[in-house]
Amino acid sequence: MANYLDGLNEKQREAVLDTEGYVLVFAGAGSGKTRVLTTRIAHLVKDKHVNPANILAITFTNKAADEMKTRLCDMLGDIGGMWVSTIHSMCVKILRTNASRLDGYDSNFSIYSDIDKTNVLKRIIADMGLEGDKYLKNAKYYISDCKNKDISPSDFKQLNNVPDAGTYAQIYYTYDDTLKRSNAFDFDDLLVKTYHLLCDDIEVREYYAKKFHYVHIDEFQDTNRIQMSIARILSSENGNLFAVGDDDQSIYGWRGAEIHNILDFEHTFRGAKIHKLEQNYRSTKSILKLANKIISGNSMRKKKELWTDN
C-alpha cells in the first residue's frame, strides 16, 4: 500500500480506506479534509487500480479545484482522464457534448456573465415600461433563486408570498426566452439545464452514471437542491458517493445552500457511513476552546468537538 497514507492520523486513514458505498466525512475546520479527499482518490487509482477516467471530483471554487488537481498530480504524476473541477465546469463539459438534446440549443452556446444578465434584464424591464431600479435587483435575485430550486416562471407566478409575483414571473419568462433564442445559458442555467438533461434523457443519464464509478464532492454543506439532485443521479448506477463537508461552516443559505443535504445524508442514502475529523492542525487550544463553546449553541448541527496537539 502506498506510503502517502503514512502521514494520516487514525480518523483520516479510516475515511480514506472506506471506499465503497455512500460515505460522508464531517471535517471540522483545519482537520485536513482536502488531504483526505485527494489521498482517497490516489488510493483508488494506485492501490485499487481504478481507471482515473471513472473518477469524478467536484468542488465549488476554481481555486479549490486547482489545489485538488495539484495535490493529485503530486501523488499520481498524471491524473489522465479524471474529471476534477467545479460543479459548474463539470456541467459545461456535459452540456458541450449534449446541448443539442435540449430543445432549442446546440453545443456552441454562450455563457452569460452577470453583466450580460443585468443588461438583458434592464432591456426587458424597460420594454415592459417598469421602473428599472425598483425591479432589477429583485428580478436578479428571484430568477437565480428559482432556477436553483427548479421553479419555473409559471410556478413562480403562483407564489403568494412574493409581492407583484405576476410581474416578476413575466420578467423571468421573457428573460429565459431571450436566452434560449440566443443559444445562451446563464450561470444558474448550467446547473438546472444539466439536471433536466440527466432527468429527461435516459441515454445521457445512463452514460454518465455508468462512467463515474466513484463520485467525490467537497464542501458538501454548500450544495443546493439542484446540485444534490445531480450528485444523486451521477452516483445512482455504482452507488459510490464520497462527500466531505462541515455543517459548522455552512454560510451560503442566502444563495440556496441546503444545510439539510449534509445533516440528513444518512437518511437520504440508506446505509451511508459517517466519519468525523475533529483533530485540528491550524489553531491553538485556546482558540478551539472558544470556537467549540460558541458553535455548541447552534441547534442545527452534528455534534463534534475540535481538538489539537498545538
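That block above? That's the structure.
The sections below set out a description of the structure shown in this document. Computed from a predicted model, the values in this text were never measured in an experiment.

Side note on the overall build of the protein
Tallying secondary structure elements over the protein gives 14 helices and 8 strands in all. The C-alpha radius of gyration of the protein comes to 21 Å, within 12% of the 19 Å expected for a compact globule of 310 residues. If one aligns the C-alpha atoms of the protein with their principal axes, the spans along those axes are about 65 × 45 × 35 Å. For the protein, the residues scored as buried account for 51% of the 310 residues in total. A separation of at least 24 residues holds for 77% of the contacts in the protein among residues at least 6 apart in sequence. With the model as given, the accessible surface of the protein reaches about 15,100 Å², and the carbon-plus-sulfur share is 48%. Counting 42 positive and 43 negative side-chain charges, the protein places the centres of these two groups 3 Å from one another.

A closer look at the environment of D74
Its location among the elements puts D74 in helix α3 (residues 62-76). Spatially, the C-alpha atoms of D74 and I294 are 38 Å apart, while their sequence positions differ by 220 residues.

A look at the pairing of strand β6 (residues 214-217)
Judged by which residues are buried, β6 turns out to be covered on both faces: Y214 and H216 on one side and V215 and I217 on the other are all buried. Bridging between strand β2 (residues 55-59) and β6 involves 4 bridges; their strand directions are parallel. Its bridge partner lying in β6, A57 is registered against H216. Strand direction decides the pairing type here: β6 and strand β7 (residues 241-245), joined by 3 bridges, are parallel. Bridge assignment links I217 to a residue of β7, and that residue is A243.

Let's talk about the packing of helix α9 (residues 187-200) against helix α10 (residues 202-211)
One can describe the packing of α9 onto α10 by two numbers: an axis separation of 5 Å at closest approach and a directional angle of 100 degrees. Between α9 and α10, the angle falls in the class roughly perpendicular. Here L197, L198, C199 and D200 of α9 lie close against α10, whose contacting residues are I202, V204, R205 and Y208. Residues belonging to the contact of α9 with α10 are distributed by class as follows: 6 nonpolar, no polar and 2 charged.

Points about the packing of aromatic side chains
One pass over the structure, following the stated rule, counts 13 aromatic pairs. Measuring from ring centre to ring centre gives 5.3 Å for Y135 and Y168, while their planes differ by 50 degrees; the resulting arrangement is tilted. Of this pair, Y135 sits in helix α6 (residues 132-148) while Y168 sits in helix α8 (residues 165-181), and the two are 33 residues apart along the sequence. In terms of burial, Y135 and Y168 fall into one category: buried. Taken together, a centroid distance of 5.6 Å and an interplanar angle of 85 degrees make the contact between F220 and F265 edge-to-face. Remark: F265 occurs in helix α13 (residues 265-268) and F220 occurs in the loop between β6 and α11 (225-234); sequence separation between them is 45 residues. For F220, a relative accessible area of 0% corresponds to the buried category.

Cut-offs and rules
Residues numbered from 1 in each chain as written. Predicted model: local features only at pLDDT ≥ 70, side-chain atom pairs only at ≥ 80, totals over all residues. Heavy atoms only, no water. Helix = DSSP H or I, 4+ residues; strand = E, 2+ residues; numbered from the N terminus. Rg over C-alpha atoms; globule rule 2.2 N^0.38 Å. Buried < 20%, exposed > 50% of the residue type's maximum accessible area, 1.4 Å probe, protein only. Contact = heavy atoms within 4.5 Å. Areas by Shrake-Rupley, 256 points an atom, 1.4 Å probe, with all protein chains shown as cover. Lys, Arg positive; Asp, Glu negative; His and termini not counted. Charge placed at Lys NZ, Arg CZ, Asp CG, Glu CD. Pairing = 2+ DSSP bridges. Axes fitted to C-alpha atoms, helices over the stretch in contact; angles between N-to-C directions. Parallel < 35°, antiparallel > 145°, perpendicular 65-115°, else oblique. Nonpolar A, V, L, I, M, F, W, Y, C, P; charged D, E, K, R; others polar. Phe/Tyr/Trp six-rings, centres within 6.5 Å; stacked < 30°, edge-to-face > 60°.

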